[in-house]
Amino acid sequence: QLVGSEYFGPTATPGSVVRGIRQEDAERLSFRDASIDLLVSCDVFEHVNDPQRALREVHRVLRAGGRALMTFPMDPSLERNRQRASMDAGTLRLLEPAVYHGNPLSPKGALVFTDFGWEVLSQMGDAHLDDPTMNVYWSYELGYLGIQSYFEAGKS
């Protein structure tokens, strides 16, 4: 079974269906423990308030032997992550100037909460994900020009 989802904001219940699309919150997934063989997350983690909590959720929902493939911007010049914004009791606090990425569901875009650096690999380990790696690829023939990367980790 293949399940896709989107995030429709804090008032939508994880696992509910909004406009025909399943709603999920990366920090509190509605999936049962150990219920997913492969989790693919594309350009989500930089937009969540607590990426460490989201990584723990990835570990929680993966079955033993499961894998997670994740894409998000990572700045190789940063040793540590830089937190740009935080949510506390429903109040947004900007810690750096606001940066937004394109979002087809919002004309304003999606606020970036974290600029990731190399620290993200140790965060994956801290979330009990096994063998966290950053994979870099490039292909002139396939049109992958510049630095393209994805992160991979698993659960024993």
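Look up a bit, the structure's there.
Residues numbered from 1 in each chain as written. Predicted model: local features only at pLDDT ≥ 70, side-chain atom pairs only at ≥ 80, totals over all residues. Heavy atoms only, no water.

A. Structural view of the side chain of Asp25. One can find Asp25 in the loop between β2 (21–22) and β3 (36–42). Under the relative-accessibility criterion, Asp25 is labelled buried at 11%. In terms of polar contacts, Asp25 uses its side chain to reach the backbone amide nitrogen of Glu27, at 2.9 Å. Once you skip the residues sitting within four places of it in the chain, Asp25 turns out to touch Tyr7 and Pro14. (Helix = DSSP H or I, 4+ residues; strand = E, 2+ residues; numbered from the N terminus. Buried < 20%, exposed > 50% of the residue type's maximum accessible area, 1.4 Å probe, protein only. Polar contact = N/O pair within 3.5 Å; in protein donor to acceptor, adjacent residues only side chain to side chain. Contact = heavy atoms within 4.5 Å.)

B. Quick peek at the pattern of salt bridges. Applying the stated criterion across every chain yields a total of nine salt bridges. A salt bridge links Arg60 to Glu57, with the nearest nitrogen and oxygen atoms 2.9 Å apart. Of this pair, Arg60 and Glu57 both sit in helix α1 (residues 51–61), three residues apart, roughly one helical turn. On the basis of relative accessibility, which here comes to 13%, the residue Glu57 falls in the buried class. (Salt bridge = Lys/Arg side-chain N within 4 Å of Asp/Glu carboxyl O.)

C. Fine view of the nonpolar core. Of all hydrophobic cores here, the largest spans 24 residues; its most connected members are Phe45, Met70, Phe72, Met124 and Phe151. When residues of this core are traced back to their parent elements, those giving at least two are β3, α1, β4 (62–71), α2 (119–126) and β12 (144–154). Ranked by residue count, the leading element in this core is α1, at four residues. (Core = buried A, V, L, I, M, F, W, Y, C linked by side-chain atoms within 4.5 Å.)

D. Inspection of α2 at higher detail. Turning to α2, its buried residues number three or more, namely Glu119, Val120, Leu121, Gln123 and Met124. Elements in contact with the buried residues of α2: α1, β4, β11 (130–139) and β12. Looking one or two residues past α2, His128 carries a phi angle of roughly 70 degrees, positive in sign.

E. Structural detail: the environment of Leu62. The residue Leu62 is located in strand β4 in this model. Sequence separation between Leu62 and Trp118 is 56 residues, and the spatial gap between their C-alpha atoms is 23 Å. With residues near it in sequence (within four places) discarded, Leu62 still touches Ala34, Ile36, Asp37, Leu39, Arg67, Ala68, Leu129, Gly154 and Lys155.

F. The arrangement of the layout of surface pockets in detail. Of the voids in this model, the second largest pocket is the one considered here, and its volume is about 150 Å³. Around the second largest pocket, the lining residues are Asp43, Thr71, Phe72, Pro73, Met74, Pro76, Met134, Tyr137, Ile147, Gln148 and Ser149. The set of elements that each furnish at least two residues to the lining of the second largest pocket consists of β11 and β12. By residue number, the principal contributor to the lining of the second largest pocket is β12, which donates three residues. Tallied by class, residues from the lining of the second largest pocket come to seven nonpolar, three polar and one charged. (1 Å grid on protein atoms, 1.4 Å probe; cavity = no way out; pocket = protein on both sides within 12 Å on 5 of 7 lines; lining within 4 Å. Points joined across faces, edges and corners; volume = space filled by probe spheres on them. Nonpolar A, V, L, I, M, F, W, Y, C, P; charged D, E, K, R; others polar.)

G. Quick look at the sheet that holds β12. Strand order in the open sheet formed by four strands is β3-β4-β12-β11, with mixed pairing between adjacent strands. Two strands bound the open sheet, and with one partner strand each, they are β3 and β11. Between one strand axis and the next, the sheet turns by 15 degrees as a mean value, whatever way the strands run. Where β11 meets β12, seven bridges bridge the pair, whose relative direction is antiparallel. Paired with Ser139 across the two strands is Tyr144, which belongs to β12. Packing of α1 onto the sheet brings it into contact with β3 and β4, and relative to β4 it is tilted by some 145 degrees. Seen against the sheet, α2 touches β4, β11 and β12 and runs at an angle of roughly 140 degrees to β11. (Pairing = 2+ DSSP bridges. Axes fitted to C-alpha atoms, helices over the stretch in contact; angles between N-to-C directions.)

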